[in-house]
Structures are given as structure tokens and as C-alpha cells.
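# Summary of structural features
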Amino acid sequence: MTTEPEPTDRALSERLTPARFDRAEGYRMLAVLQDEATQQAALPGLEQLAPGFADWLVTALFGGTYQREGLSLRDRQLINLAALTALGGVDPQLSGHVTSSLRVGMTRTEIIEVFVHLAPYVGVPRALAGLRVAATALADTEQR
């Protein structure tokens, strides 16, 4: 037996929890996760290519998703490392998140262990590719 949904007098937009998109908080969070040089290496070029897209990314991602409760910045970085490794082919983003992981307090050992732990889940080739990206990013940060 199927039941029909209860009719409501309120519009759908009134029944859903409003999303939080805070542009200023997005740029503040970006500054926590990325240094100025990293931001300057990516955002102005993206703005030139697709005007408004860089601002949308910062606002929606760092001023929206990252503002949600329930996960620490460290937890979010662990998830980012795992997701980007599983996805593959996103070396610049993975490299940036390795650096961001250091900025939120993860150790070099913890970052490396993420890729080792991922091997049976995402495959050895993806884990090795992630380790190569991480090794380069970690070496770059040690030289700064």
C-alpha cells in the first residue's frame, strides 16, 4: 500500500533548512587553509578564464560546506585527501590539500599514512600516485 505525501501549505523552500553561504567567512577560511602565494597562483587565472567562478568556489565551498558543523578541519582534510586520491587525475588539488593538511595540524607521518591506508580501498596505483604527489608537496613545504 502506497501512501501519498501529506499536502502542505508551505512552499518547498520554506520547508528546507536554509544553506549558509558566507562570502567573507569563505575568504577567511581560505586564508586558514592556503597561503597567499597559493591563492594568487590559482584564483586570478581562474577569474580571467571564467569570471566569477573563483569567487563562487570560495563562497560555496569555504563559505558554505566548510562552515557546516559536525567535522573538524582536520577531518575535512582527511576526507579531501582520500576523495582526491580515489578520484585520481587531480594532482594540483591533491597537492594543495596535502599542504592544507599541514596547515590544520596534521603531521607528515599522518599524511603519508592516509595514502598507505587507502591502498586496499582505492588500489595500489592510486595510492602510489597520491604518495608521489604528497612527497613532492611535502618536500616543497620543507624548502620554504
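Residues numbered from 1 in each chain as written. Predicted model: local features only at pLDDT ≥ 70, side-chain atom pairs only at ≥ 80, totals over all residues. Heavy atoms only, no water.

The contact between helix α2 (residues 23-33) and helix α4 (residues 53-62) brings their axes to 8 Å, and the two run at 85°. On the basis of their axis angle, the class for α2 and α4 is roughly perpendicular. For the pair formed by α2 and α4, the contact residues are Arg23, Glu25, Gly26, Tyr27, Met29, Leu30 and Leu33 on the first element and Asp55, Val58, Thr59 and Phe62 on the second. When the residues that make up the contact of α2 with α4 are grouped by side-chain class, the tally is six nonpolar, two polar and three charged. (Axes fitted to C-alpha atoms, helices over the stretch in contact; angles between N-to-C directions. Helix = DSSP H or I, 4+ residues; strand = E, 2+ residues; numbered from the N terminus. Parallel < 35°, antiparallel > 145°, perpendicular 65-115°, else oblique. Contact = heavy atoms within 4.5 Å. Nonpolar A, V, L, I, M, F, W, Y, C, P; charged D, E, K, R; others polar.)

Before going further, it helps to examine empty space enclosed by the protein. Following the criterion strictly, the structure yields one cavity of 30 Å³ or more and no others. Considered as a void within the structure, the largest cavity measures approximately 30 Å³ in volume. In terms of lining, the largest cavity is formed by Leu33, Gln34, Phe62, Tyr66, Gln77, His97 and Ser100. Class assignment of the residues belonging to the lining of the largest cavity gives a composition of three nonpolar, four polar and no charged. (1 Å grid on protein atoms, 1.4 Å probe; cavity = no way out; pocket = protein on both sides within 12 Å on 5 of 7 lines; lining within 4 Å. Points joined across faces, edges and corners; volume = space filled by probe spheres on them.)

Approximately 560 Å³ is the volume attributed to the largest pocket. Lining the largest pocket are 18 residues, and of these Gln34, Ala42, Phe62, Gln93 and His97 lie nearest its centre. Listing elements by their share of the lining of the largest pocket, those giving two or more residues are α3 (36-49), α4, α5 (73-87) and α6 (91-103). At five residues, the largest contribution of residues to the lining of the largest pocket is made by α3. Its residues placed into classes, the lining of the largest pocket shows twelve nonpolar, six polar and no charged. Approximately 200 Å³ is the volume found for the second largest pocket. If you go around the second largest pocket, the residues you meet are Thr17, Pro18, Ala19, Arg20, Phe21, Gly64, Thr65, Gln67, Arg68 and Glu69. For the lining of the second largest pocket, the class distribution of residues is three nonpolar, four polar and three charged.

Summed over the entire model, instances satisfying the criterion amount to five salt bridges. In this structure, Arg23 and Asp55 form a salt bridge, with 2.8 Å as the shortest nitrogen-oxygen distance. On the criterion of sequence distance, the pair formed by Arg23 in helix α2 and Asp55 in helix α4 is long-range, its members being 32 residues apart. The exposure class assigned to Asp55 is partly exposed, which follows from its relative accessible area of 23%. Of the charged contacts in the structure, one is a salt bridge between Arg74 and Glu110, with a shortest N-O distance of 2.8 Å. Taken as a pair, Arg74 in helix α5 and Glu110 in helix α7 (residues 108-122) lie far apart in primary sequence, 36 residues in all. The exposure class assigned to Arg74 is partly exposed, which follows from its relative accessible area of 30%. (Salt bridge = Lys/Arg side-chain N within 4 Å of Asp/Glu carboxyl O. Buried < 20%, exposed > 50% of the residue type's maximum accessible area, 1.4 Å probe, protein only.)

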